[in-house]
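Commentary on secondary and tertiary structure
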Amino acid sequence: MNAAYVRQAFRSSTASLSSRTIGRSSRDALASYGRRIVGTRQYSDDKAPAAEADAEKEVETDKTEITPETELLKTIKAKETETTDLKSRLQYLQADFLNLQRNASREKEQQRDFAITRFAGDLLETVDVLALALKSVPEDVLAQADSPSPDSSGSSSPNSKSVQTYLKELHQGVDMTHRLLLSTLFKYHVKPFDPTGDKFDPNQHEAMYQAPIPGKEPGTILECQKTGYMIKDRLLRAAQVGVVQDTS
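Remember, predicted model here, so these are calculated numbers, not experimental data. (Residues numbered from 1 in each chain as written. Predicted model: local features only at pLDDT ≥ 70, side-chain atom pairs only at ≥ 80, totals over all residues. Heavy atoms only, no water.)

Overview of the sheet that holds strand β1 (residues 190–193)
Ordered by their spatial adjacency, three strands build an open sheet running β1-β4-β5, and the pairing between neighbours is antiparallel. Each having just a single partner strand, β1 and β5 (234–237) make up the two edges of the open sheet. Here the strands of the sheet are splayed against their neighbours by 35° on average, with no regard to which way each runs. Strand direction decides the pairing type here: strand β4 (residues 228–231) and β5, joined by three bridges, are antiparallel. Looking across to β5, one finds that Y229 is bridged to R237. Against the sheet, helix α3 (residues 117–135) engages β1, β4 and β5, with an angle of about 45° to β5. (Pairing = 2+ DSSP bridges. Helix = DSSP H or I, 4+ residues; strand = E, 2+ residues; numbered from the N terminus. Axes fitted to C-alpha atoms, helices over the stretch in contact; angles between N-to-C directions. Contact = heavy atoms within 4.5 Å.)

Given below as structure tokens:
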């Protein structure tokens, strides 16, 4: 009986010890878990105000972007940009139009001024023929026509003119025709030029021959065989000239 009582007392003490140990360990576990929860709550409580402030800022930003004043300002800025672009385009178009007008006016003026270029060039041959006809009559023959002829002094017939008189009158008529033709060409800005004594210019002169002339500078024009002509500032016909040759 004593042995059975001892075993029962041992079992009861062991059970109470185990229950105490389990209760203590469970209390420690609950305490540590509580501390963890408190720490977590404190951390989340610290972060909460910052998150709320960011959310409030975003809401305020959204409200600012959505306001009618902001939309109106954006529209005004877009219209100003569009207006500046259209103004610059209009200025470029206006400049192009002015340039087009100047070019068209210049081309029209050139067409008017140089429309008779071919006709005037063909007419110069007639001017050259008249000039050669005037040069073909010597000056002394014309002087003889001024002096009265002994054969015609006693005759009273109206057709009793001498040959020299007829020749002089014909010369005067050719000279008047030549002058009138030159004055008509001058009205259309066609002007002759004689480059005798000038420096040879291949752009305006046509060299027909070269001759060594002592005392003359090489490259200068010795003689003008055919007169040159200009129509305004453009060459109509080059002058045919003789050039002094370089003998060195």
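Here's the deal with a nonpolar patch on the surface
Taken together, the side chains of L72, L73 and I76 make up a nonpolar region of the molecular surface, amounting to roughly 290 Å² of accessible area. Inspection of the secondary structure assignment puts I76 in helix α2 (residues 68–113). Taking relative accessible area as the criterion, I76 reaches 38% and is therefore assigned partly exposed. (Patch = residues over 30% accessible without salt bridge, like charges linked within 9 Å, V, L, I, M, F, W, Y side chains within 5 Å. Areas by Shrake-Rupley, 256 points an atom, 1.4 Å probe, with all protein chains shown as cover. Salt bridge = Lys/Arg side-chain N within 4 Å of Asp/Glu carboxyl O. Buried < 20%, exposed > 50% of the residue type's maximum accessible area, 1.4 Å probe, protein only.)

Some words on the side chain of H171
Here H171 is to be found in helix α5 (residues 163–187). Not counting residues within four places of it along the chain, the set of residues in contact with H171 comprises L134, V137 and L142.

Concerning the layout of surface pockets
If you add up the space inside the largest pocket, you get close to 300 Å³. Lining the largest pocket are 14 residues, with D128, A131, K135, Q225 and T227 sitting closest to its centre. For the lining of the largest pocket, the elements supplying multiple residues, two or more each, are α3, α5 and β3 (221–226). For the lining of the largest pocket, the element with the highest residue contribution is α3, accounting for six residues. Residue classes in the lining of the largest pocket are distributed as seven nonpolar, three polar and four charged. (1 Å grid on protein atoms, 1.4 Å probe; cavity = no way out; pocket = protein on both sides within 12 Å on 5 of 7 lines; lining within 4 Å. Points joined across faces, edges and corners; volume = space filled by probe spheres on them. Nonpolar A, V, L, I, M, F, W, Y, C, P; charged D, E, K, R; others polar.)

Nothing here speaks to function; it is all geometry.
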